[in-house]
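Close look at the chain arrangement
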Amino acid sequence: MFIGFTGPNAAGKGEAIKYLVEKYKFISTSLSDIIRAEAKARNLELARENLIAIGNELRQKEGPAVLAKMAVKKIKNMPQAVIDSIRNIAEIEELRKNLKNFKLIGINADIKIRFERAKKRGRIGDGTTFEEFKAQEEKELKGDETSQQLLKCFEMADIKIDNSGDINKLYSELDKILKALDYKPYKRPTWDEYFLKMAYLVAERSTCLRHHVGAVIVKDNHVISTGYNGAAAGVKDCLELGCLRDQLGIASGTRHEICRAIHAEQNAIIQASLHGKSTEGATIYCTHSPCIICAKMIVNAKIKKFITGNYYPDKSYEELFKEAGVDFKIIKRPELYITILD
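Residue positions are given per chain, counted from 1 along the sequence in the order it is written. Where local features are concerned, this predicted model is filtered to residues with pLDDT of at least 70; where side-chain atom pairs are given and counted, the filter is 80 or more; whole-chain, interface and lining totals use all residues. Water and hydrogen atoms were dropped before computing side-chain values, which therefore reflect all heavy atoms in the structure.

Re the pattern of salt bridges
- Take a side-chain nitrogen of Lys or Arg and a carboxyl oxygen of Asp or Glu: if they are within 4 Å of each other, that pair is a salt bridge. Tallied over the full model, the rule gives 13 salt bridges.
- Across the pair Arg42 and Glu57 runs a salt bridge whose closest N-O atoms are separated by 3.0 Å. Pair noted here: Arg42 is in the loop between helix H2 (31–41) and helix H3 (48–62) and Glu57 is in helix H3, with a separation of 15 residues, a long-range link.
- By relative accessible area, Glu57 is classed as partly exposed at 23%.
- A salt bridge links Arg114 to Glu137, with the nearest nitrogen and oxygen atoms 2.5 Å apart. Strands here are runs of E lasting at least two residues and helices are runs of H or I lasting at least four, both read from the DSSP assignment and numbered beginning at the N terminus. Relative accessibility thresholds used throughout: buried, under 20% of the residue-type maximum; exposed, over 50%; partly exposed, between the two (1.4 Å probe, protein chains only).

Things to note about the packing of H2 against H3
- The interhelical angle for the contact between H2 and H3, taken along N-to-C directions, is 105°, at an axis separation of 9 Å. When the interaxial angle is binned, H2 and H3 end up roughly perpendicular. Every residue of H3 that contacts H2 at Ile35, Arg36, Glu38 and Ala39 is listed here: Leu51, Ile54 and Gly55.
- Grouping the constituent residues of the contact of H2 with H3 by class yields 4 nonpolar, 1 polar and 2 charged. Between the N-to-C directions of two axes lies an angle of 0 to 180 degrees, each axis being a line fitted to C-alpha atoms and, for a helix, fitted only over the stretch in contact. Any angle from 65 to 115 degrees is called roughly perpendicular, while one under 35 is roughly parallel, one over 145 is roughly antiparallel, and all others are oblique. Any two residues having at least one pair of non-hydrogen atoms within 4.5 Å are treated as being in contact. Gly counts as polar in this scheme, as do all residues outside two lists: the nonpolar Ala, Val, Leu, Ile, Met, Phe, Trp, Tyr, Cys and Pro, and the charged Asp, Glu, Lys and Arg.

Remarks on the layout of surface pockets
- Computed from the structure, the second largest pocket encloses a volume of approximately 710 Å³.
- Every residue lining the second largest pocket is counted, 39 residues in all, and those nearest its centre are Asn9, Ala10, Lys13, Arg121 and Arg123.
- Here the lining of the second largest pocket takes 5 residues from H3, the largest share from any one element.
- Its residues assigned to classes, the lining of the second largest pocket comprises 14 nonpolar, 12 polar and 13 charged. Lining residues are those with an atom within 4 Å of a point, where the points come from a 1 Å grid over the protein atoms alone and group into cavities, where a 1.4 Å probe fits but cannot get out, or pockets, open sets with protein on both sides within 12 Å along at least five of seven lines. Grid points are joined across faces, edges and corners, and a volume is the space filled by probe spheres set on the points.

Quick notes on the sheet that holds strand E5 (residues 159–162)
- Taken together, 5 strands build an open sheet; the order of strands is E2-E3-E1-E4-E5 and the sheet is parallel. Whereas interior strands pair on both sides, the edge strands pair on one side only; in this sheet they are strand E2 (27–30) and E5. Along the sheet, successive strands turn relative to each other by an average axial angle of 25°, direction set aside.
- Taken strand by strand, H2 contacts E2 and strand E3 (81–84), and its axis lies near 55° from that of E2.
- In this fold helix H9 (residues 167–180) packs onto strand E1 (2–6), strand E4 (102–108) and E5, with an angle of close to 165° to the strand it touches most, E5. Pairs of strands are assigned from DSSP output, requiring at least two bridges between the strands.

Structural notes on H3
- Helix length check: H3 (15 residues) gives 21 Å between terminal C-alpha atoms against 21 Å at 1.5 Å per residue, within 8%.
- Of the positions making up H3, those classed as buried are Arg48, Leu51, Ile52, Ile54, Gly55, Asn56, Leu58 and Arg59.
- In this structure, the buried residues of H3 make contact with H2, helix H4 (66–75), helix H5 (89–98) and helix H7 (130–141). To estimate the expected span of a helix, count its residues, drop one, and scale the result by 1.5 Å.

Structural notes on the nonpolar core
- In this structure, Ile83, Ile86, Leu99 and Phe102 are the most contacted members of the largest nonpolar core, which totals 25 residues.
- Among the secondary structure elements, those contributing two or more residues to this core are H2, H3, H4, E3, H5 and E4.
- Among the elements that line this core, the one with the most residues is H4, at 6 residues.
- In this structure, Leu99 is in contact with Phe2, Val72, Ile75, Lys76 and Ile83, ignoring residues within four places of it in sequence. Put simply, buried Ala, Val, Leu, Ile, Met, Phe, Trp, Tyr and Cys residues joined by side-chain atoms within 4.5 Å make one nonpolar core.

Considerations on the packing of aromatic side chains
- Classification of ring pairs rests on two measures: the distance between centres of Phe, Tyr or Trp rings, Trp counted by its six-membered ring, which must be within 6.5 Å, and the angle between planes, read as stacked under 30 degrees, edge-to-face over 60 and tilted in between. A complete count under the given rule lists 15 aromatic pairs for this structure.
- Aromatic pair Tyr24 and Tyr183: ring centres 5.6 Å apart, planes at 90°, arrangement edge-to-face. Linking Tyr24 in helix H1 (residues 13–24) with Tyr183 in the loop between H9 and helix H10 (191–203), this pair joins segments that are 159 residues apart in sequence. Each of the two residues, Tyr24 as well as Tyr183, counts as buried.
- Chaining the aromatic ring pairs together yields one cluster made of Tyr19, Tyr24, Phe26, Tyr171 and Tyr183.
- Sitting over the ring of Phe154, Lys160 keeps its end group 5.8 Å from the ring centre. Any Lys NZ or Arg CZ that is within 6 Å of a ring centre and within 35 degrees of that ring's normal is treated as a charge sitting over the ring.

Focus on the sheet that holds strand E10 (residues 283–286)
- Taken in spatial order, the 5 strands make up an open sheet running E7-E6-E10-E11-E12, and their pairing is mixed. At either margin of the open sheet sits one strand with a lone partner, and together these are strand E7 (222–228) and strand E12 (327–330). Strand-to-strand twist in this sheet, taken as the mean axis angle between neighbours without regard to direction, amounts to 20°.
- Where strand E11 (residues 305–308) and E12 come together, 4 bridges link them in parallel fashion. Bridge assignment links Phe306 to a residue of E12, and that residue is Phe328.
- Packed onto the sheet, H10 meets strand E6 (214–219), E7, E10, E11 and E12 and runs at close to 140° relative to E6.

Overview of the environment of Ile224
- Here Ile224 lies in strand E7.
- Residue classification places Ile224 among the buried residues on the basis of a relative accessible area of 14%.
- Put simply, Ile224 and Leu67 are 157 residues apart on the chain and 45 Å apart in space, counted from C-alpha to C-alpha.
- Once residues within four sequence positions are removed from consideration, Ile224 is found in contact with Ile217, Val218, Lys219, Ala272, Lys277, Ser278 and Ala282.

Points about the pairing of E1
- For E1, a buried count of 5 out of 5 residues is recorded, marking the element as mostly surrounded by other parts of the structure.
- The side-chain alternation of E1 yields two buried faces, one formed by Phe2, Gly4 and Thr6 and the other by Ile3 and Phe5.
- Looking at chain direction, E1 and E3 are connected through 3 bridges and run parallel. The partner of Ile3 across the bridge, within E3, is Val82.
- Looking at chain direction, E1 and E4 are connected through 5 bridges and run parallel.

Right under this line is the structure:
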């Protein structure tokens, strides 16, 4: 999940982000950080006027969405992140286009309350009087397409918060929002999820036109071998010749001998044998439950556990596994995308 914040100066965006980082373990980034880095490179003071000028200059030179594009590149593979300092509608459009489950939250508060907060904060360029603070804000509210457009950005927010109250009220609002969005924090995958997800990756190598199946044999949390369904090595496969079973009208889950492909579980067992790896007591993770032929091979390979995320039409393995003492488990299929800090 990705959450962006927009709103006028000293509305409480920083406090909201701090809360999400500390309680919900979001990773924080800011479009202003990009501008600050540029200001430092130019040996300029980090005054508000300088930062606004640099931001406007970057948008004019490289397009109004430039800051958002740079942020997306940085965080797109993260499981969850929060983005601050969104001040241009092109930035919002870029983030919505490229970040999964992106939501924009607009935070505002009474201007007099915000002025008092700004005074306590003591940032360079916030204005020392209420009149200066108000005048500075009016410049930022209605800019053109390459400058700050705070009013339009706030109007585009998916969710709006009035943060004129105390900090606990803000925290409560954020808790309610995450609950309404059905937020689920990033969770490190279990061993079963990890190896089953690997089986789905292996399945991408399949040359079958009906089912892409992948299998991974694991022992003591160590991968012994992998296999996917496809024609025997060195011969033409179904991608080239077409599906023989389709040509003969054979239903899925029946007449397994009439097929060019070797099944994923069979290939994984064969690969283990070729490389001198014992499968005794191992676990096999497979994208589908086994056919009866694969089930017989699994029993004789002394594999003791079969874990999958999907049923294959042939259910005849069930009695065999019970009698042979092979533990069968079906788990929820893992999300088929990679979530990493890059």
